[in-house]
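Chain and residue survey
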Amino acid sequence: MERLRAAFATLAGWCFDHRGFVSAFCFLLFLGSLALASRVGQDASYETYFDEDDTTYRAYEAYRDDFGSDEVAYVGFELPGVEYGPWNAEAMATLVDLTAALEDEVPFVYTVTSLANAELTVGTEDGIEITRIRDRMPLSQRELLELRETYLRKPLLVGGIINRQADYGAILLKMDRSSPDPPEELVWDPEKGEALENLYPQVTDAKISEILARPEYSRFVFHVSGDVPLNAYFNRILFVEPFFLMAISLVVISMILAFSFRSFVGVVTPILVLLLTVSVTVAMMALAGFEIGISFSSTPTLLLAIGVAHSVHILSEFRTRFALLRDRREALVQSIRLVGVPCLLTSLTTAVGFASMSFVPIRSISEGALYQAFGVLAAFVLSFTLLMALLSFGPREPGRLSLPATRDGEPAGRGRRLRRGLEWVARVNVGHWRALIAAFSILLLVGILGAARVEVDSNWLEDFWPSAPIRQATLRVDEEMGGVTNVVYLFDGGSGDAIKEPAVLREIDRLEALASREAGLVRKTYSIVDIVKDLNQALHGDDPAFHRIPETREAVAQSLLLYESSGGEEAAEYVSSDYRYANLELRIRLAPTAEIARLIRKLDADLAAHPLASTTVTLTGIGALWLKLMEYIMTSQIRGFSIAFVSITLMMMAIFRSWKVGLISMIPNLVPVVLALGAMGWSGIPLDYNKVMIAAVALGISVDDTIHLMTRQAHEFGVHRDYARALREALADVGRALLITSIALVLGFLVLVFSELRSQALYGVLLSGALVVALVADFFLMPALVLWIRPFGPEGSGMGAGGVGVSSELKTAA
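The text that follows walks through the structure, step by step, so that each part is easy to find. (Residues numbered from 1 in each chain as written. Predicted model: local features only at pLDDT ≥ 70, side-chain atom pairs only at ≥ 80, totals over all residues. Heavy atoms only, no water.)

Let's talk about the overall build of the chain
Where we set the bar: Each helix corresponds to a stretch of at least 4 residues labelled H or I by DSSP, and each strand to a stretch of at least 2 residues labelled E; elements are numbered beginning at the N terminus. A simple rule labels every residue: compare its accessible area, found with a 1.4 Å probe on the protein chains alone, to the largest value its type can have, and call it buried under 20%, exposed over 50%, or partly exposed in between. Accessible surface is estimated by sampling points in the Shrake-Rupley manner with a 1.4 Å probe; for residues, cover comes only from the protein chains shown. Within this scheme the basic residues Lys and Arg register as positive and the acidic residues Asp and Glu register as negative, but His and the chain ends are omitted. Lysine's charge is taken at NZ, arginine's at CZ, aspartate's at CG and glutamate's at CD.
For the chain, the count of helices and strands is 27 helices and 12 strands. For the C-alpha atoms alone, the extent of the chain along its principal axes is close to 110 × 55 × 50 Å. Buried positions account for 59% of the 814 residues belonging to the chain. A total accessible area of about 32700 Å² is found for the chain, and carbon and sulfur atoms account for 58% of it. Positive and negative side-chain charges of the chain, numbering 70 and 92 respectively, have mean locations separated by a distance of 15 Å.

Some words on the pattern of salt bridges
As a reminder of what qualifies: Note on definitions: salt bridges are taken to be side-chain nitrogens of Lys or Arg within 4 Å of carboxyl oxygens of Asp or Glu.
Under the definition given, this model contains 37 salt bridges. A salt bridge links R64 to E61, with the shortest nitrogen-to-oxygen separation between them at 2.7 Å. Residue R64 and its partner E61 are located together in helix 3 (residues 55-67), separated by 3 residues, close to a single helical turn. The class for R64 is buried, based on a relative accessible area of 9%.

Some details on unusual backbone geometry
Following M137, the chain continues to P138 via a peptide bond in cis, the omega torsion being 0°. Relative to the assigned elements, P138 resides in the loop between helix 5 (133-136) and helix 6 (141-152). With a phi angle near 65°, F108 is a residue other than glycine that sits in the positive phi range. Structurally, F108 can be placed in the loop between helix 4 (89-105) and strand 2 (109-113). Relative accessible area serves as the criterion here: at 7%, F108 is assigned to the buried category. Even without being a glycine, D542 presents a positive backbone phi close to 60°. Mapping D542 onto the fold places it in the loop between helix 18 (528-538) and helix 19 (553-565).

What about the nonpolar core?
Looking at soluble globular proteins, one finds that nonpolar side chains tend to be buried together. Put simply, the rule is: In these notes, a set of buried Ala, Val, Leu, Ile, Met, Phe, Trp, Tyr and Cys residues joined through side-chain atoms within 4.5 Å is what counts as a nonpolar core. When checking whether two residues touch, look at their non-hydrogen atoms; a contact exists if any pair is within 4.5 Å.
One finds M388, F464, Y489, I528, M693, F749 and F779 to be the most contacted residues of the largest nonpolar core, which totals 215 residues. Discounting chain neighbours no more than four positions away, the residues touching M693 are F354, M357, I365, A369, Q372 and Y763. One finds L144, L157, A166 and V187 within the second-largest nonpolar core, a separate group that totals 45 residues.

Remarks on the sheet that holds strand 1 (residues 72-78)
So the rule is basically this: Two strands qualify as a pair provided that DSSP identifies no fewer than 2 bridges between them. Convention adopted: a line fitted to C-alpha atoms gives each axis, helices being fitted over their contacting stretch, and angles between N-to-C directions are expressed from 0 to 180 degrees.
Strand order in the open sheet formed by 4 strands is 2-5-1-6, with antiparallel pairing between adjacent strands. Each edge of the open sheet is held by one strand with a lone partner, namely strand 2 and strand 6 (221-226). On average, each strand axis in the sheet is tilted by 20° relative to the strand beside it, whichever way the strands run. Looking at chain direction, strand 1 and strand 5 (residues 169-175) are connected through 6 bridges and run antiparallel. The residue bridging F77 from the neighbouring strand is G169, located in strand 5.

Brief notes about the packing of aromatic side chains
We apply this condition: Stacked, edge-to-face and tilted are the three classes for Phe, Tyr and Trp ring pairs, Trp counted by its six-membered ring, which pair at centre distances within 6.5 Å; planes under 30 degrees apart are stacked, over 60 edge-to-face, the rest tilted. Criterion for a charge above a ring: Arg CZ or Lys NZ at most 6 Å from the ring centre, at most 35 degrees from the ring normal.
If you walk through the whole model with that rule in mind, you get 25 aromatic pairs. Here the aromatic rings of F8 and F380 are separated by 6.1 Å at their centres, their planes lie at 80°, and the arrangement is edge-to-face. Of the two residues, F8 is situated in helix 1 (residues 2-17) and F380 in helix 13 (residues 363-383); the sequence distance between them amounts to 372 residues. When its relative accessible area of 8% is taken as the criterion, F8 is described as buried. The class of F380 is buried, set by a relative accessible area of 9%. Here the guanidinium or amino end of R19 rests over the ring plane of F16, the centre of that ring lying 5.8 Å away. The ring of F259 carries the charged tip of R262 above its face, separated from the ring centre by 6.0 Å.

By themselves, these observations are geometric and do not establish any function.
Below, the structure written as structure tokens:
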């Protein structure tokens, strides 16, 4: 420790003596970081949660290779006050024009399906005929109403593009791109390059919105949902919001610094360090190939709140020592000698808290943990280099004493009240340590009981505030039509044309019928079986009794041949070109992932009890990815927190060279973690992908105050050999800085309440609450444990062998 203190003192002196070089180097570093940061990409798609080697993700990719992109835009619509709604003759003509506009103008669209161009299969004397409304226009109102009845008798169409009441319709736009495709494949206009608004899905969503806003469609009320608007919305948030929240954080931190230090230098110098920290972190992301994703949205705010702590400790010590030593260089050297080691240790423990999540299987969180840990260490390095250089500028001696006026050796005004408050904290600990330990034990028990009630679940719609347009539109579509979430079962017949076997089709039909019984959850099902049944019915005079699978392979093959020769195209969405693979899509209403998991377990149990004989089946689709993510959330929480707790505990033991002190220092830091999880359990807040880092991050951050206070308390005990006095002196020395840094952290994280994402706001509130509890535990539980266990050795008179003398004048000033 002494060697480290000497090294920090030498570093401070070097930065003072070479302030021009350090400042110039950091300026060039800032310019280089901005250049690199401009190259970082964005990806808000769900694929960012999965590693490319993940088996579930690989199965999903294989499914997309056979059936193309599964990303869609779903445009629900209604016509308030219009007689017959979508079936109004004038409205239908407008819908035909709208469908054509979407087909012709929307970038990266693959197919557009609506009432205007949906396939209607009818039987004829020669076989079947596939018709579309737009091919028969113009139609009279009577003809349209007759067609309405025909369409409502087609199960394949109801719940997909028209609801059962025939007053709400939908337009389904399927894409030929996916968000995780290489950037060069997502560019629309080559001349505009890879600007965000020229990339899929941004350019696609913008064109859809522009078309729907045209005056000729003003009688329609649209509700746009699906992957395209959702991913575009996330991309806009990720591109704009982190820096908007960072700006608010800078204002909040500037106000705290101004109130605490009442100095221009005390505000500007930390802000410059923080800005360079964020830019260097984003540059590191570009160099590492990381993209801006969901994990990044809170990163600038986190780094600002965490990084300012070093500046507060340095400025607090420097202000005091500069006023007393009256020599800028010596004050800086002595300040860094004292605070350097604790700041290094707090940076390491915080970085470990973040880095512990790099071992989890959720890719975006794993990557986020790495660049956030890097940012924490970057903040430390820049605080002890750039901040040193900036503080070196100014008069060699203070023009006047920088401390408030004193009376009887005691700080006046706000400083006196703060010191008396800290003395009261010490008195409460000394006089009531048993009661404090008992009270915190009860709180821990309540927290543990609540944490046991936490459920692992996720529902992406809960990411948004209730007033968010994307949420309102999705709820409306989900209410009227088939669900907006899907689960896909992929059937493998083992060879080409196997899907044409009636036995194979019956196995698909069996699972489809079983899923359809879960009407409360499964809103709509789609498969090749639906088309085959519809064809069979059309070939038998549209008799509903023949809405079933033909008995022979020849009959199936013949009906599909007639379908294809008549211009049918929709079957390609449900069967591979060689008829070896077929998919069964279950459209599911918006529901917690736990409900989908229960449905899958029920279907899997039926498949286990009655095994398939002709096919093998695999679960895939977006729903399967969400289910896998739910498994990852629990393992990630346990693994990340375990790694963080064990690593930080070992570090604390090494720091104090005592297993006893190390364990005592960790107990107060379990309190905020347990109470945060307990609050989630008692409030019914699920543990999802947005909150999976709370435990590890809260532990890594809250231990910082513990290190500063425990380090100073051990130092003071070495001087005085008295536990009560050591506590009083330690609180007098570092209590003010701990309060300022905790306020900065809490308010910094509360900035997240301004996020457009409800999930981010909730994360900020939970983390801020945990840090408030952490400060209370550091002030009232850790000292009580030290007074009870007495880990530094027996009390005695005089200075201990390990003590370091500190002048009484300097202590009074501090």
